Amino acid sequence: MILKRLLAVVSILGFAFGIGFLVFPFDLLGLYGLKLDPQLEYLPRYLGSAFIALAVINWIAKDRPESAELRAILFGDLVLGISGLGVAVLNGIYRPGNGLVWLTVAIYALMTAGFAVRPNDPYMGGYVTRHHGRPARGIHAIQLELNRDLDLSKDEFSIRGK
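Residues numbered from 1 in each chain as written. Predicted model: local features only at pLDDT ≥ 70, side-chain atom pairs only at ≥ 80, totals over all residues. Heavy atoms only, no water.

1. A closer look at the environment of Trp59
So, point 1. Summarising the element assignment, Trp59 is placed in helix H3 (residues 42-61).
So, point 2. C-alpha separation for the pair Trp59 and Arg5, spaced 54 residues apart in sequence, amounts to 10.0 Å.
So, point 3. With residues up to four places along the chain from it excluded, the contact list for Trp59 reads Ala8, Ser11 and Ile12. (Helix = DSSP H or I, 4+ residues; strand = E, 2+ residues; numbered from the N terminus. Contact = heavy atoms within 4.5 Å.)

2. Considerations on the nonpolar core
So, point 1. One finds Leu7 and Phe115 to be the most contacted residues of the largest nonpolar core, which totals 17 residues.
So, point 2. For this core, the elements supplying multiple residues, two or more each, are helix H1 (2-23), helix H2 (25-31), H3, helix H4 (68-94) and helix H5 (100-115).
So, point 3. Contact partners of Leu7, with chain neighbours within four places excluded, come to Asn58, Ala61, Lys62, Leu70, Leu74, Asp77 and Phe115. (Core = buried A, V, L, I, M, F, W, Y, C linked by side-chain atoms within 4.5 Å. Buried < 20%, exposed > 50% of the residue type's maximum accessible area, 1.4 Å probe, protein only.)

3. A closer look at the pattern of salt bridges
So, point 1. One pass over the full model with this rule turns up 4 salt bridges.
So, point 2. Taking the shortest distance from any N to any O, the salt bridge between Arg45 and Glu41 comes out at 2.7 Å. Assigned by exposure class, Arg45 and Glu41 land together as buried.
So, point 3. Look at the salt bridges and you will find they share partners, linking Lys4, Lys62 and Asp63 into a network. (Salt bridge = Lys/Arg side-chain N within 4 Å of Asp/Glu carboxyl O.)

4. Some points on H5
So, point 1. With 16 residues, H5 extends 23 Å from end C-alpha to end C-alpha; this agrees with the ideal 22 Å at 1.5 Å per step.
So, point 2. Buried within H5 we find Val101, Thr104, Val105, Tyr108, Met111, Thr112 and Phe115. Along the axis of H5, the buried residues cluster in a sector spanning 135°; they form a single face. Opposite the buried face of H5, by more than 90 degrees, sit the exposed residues Leu110 and Ala113.
So, point 3. On its buried side, H5 packs onto H1, H3 and H4. (Expected span 1.5 Å × (residues − 1). Arc of directions from axis to C-beta.)

5. Some details on a nonpolar patch on the surface
So, point 1. A cluster of nonpolar side chains, namely Leu40, Tyr42, Leu43 and Tyr46, defines an oily patch on the protein surface of about 480 Å² accessible area.
So, point 2. Mapping Leu43 onto the fold places it in helix H3. (Patch = residues over 30% accessible without salt bridge, like charges linked within 9 Å, V, L, I, M, F, W, Y side chains within 5 Å. Areas by Shrake-Rupley, 256 points an atom, 1.4 Å probe, with all protein chains shown as cover.)

6. Focus: the packing of H1 against H3
So, point 1. Relative to each other, H1 and H3 sit at 155°, their axes nearing to 7 Å. The pairing of H1 with H3 is recorded here as roughly antiparallel in orientation. Both H1 and H3 take part in a crossing whose hand is left-handed. (Axes fitted to C-alpha atoms, helices over the stretch in contact; angles between N-to-C directions. Parallel < 35°, antiparallel > 145°, perpendicular 65-115°, else oblique. Left-handed = near helix turned anticlockwise from the far one by under 90°.)

Here it is as structure tokens:
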């Protein structure tokens, strides 16, 4: 459920910034205290079209079940978050405009933190079987991972999160 909300928020922000860069590049960059050279007008428009495309991808992905495709999209979002955070921090340090530069840093930082999850936490993908199983010596191991979101609530007889 948290991932679905994260993808929805990232989609909405991406779409909003995408429309801004695509349709109103001079006005949007003016909010940051930047003047756009008319010869470079199409650079933020290209960025806007990319943001809109990513927003659509994330919006569709939010309703998909766990799969290799979803993990690829999330990894792409993480790469975008890390690289965008790096550019935003450098922008804030070396070309400080106004306070909106640091808002961009905050947006990328939150997005990156949301996508920077550890796989299979807390089980880390078979620790028990790798460290305790010795099939060659006849010692076999099995690890069961339970989805706690499907546990029944003690207060009511319904599945948590539903």
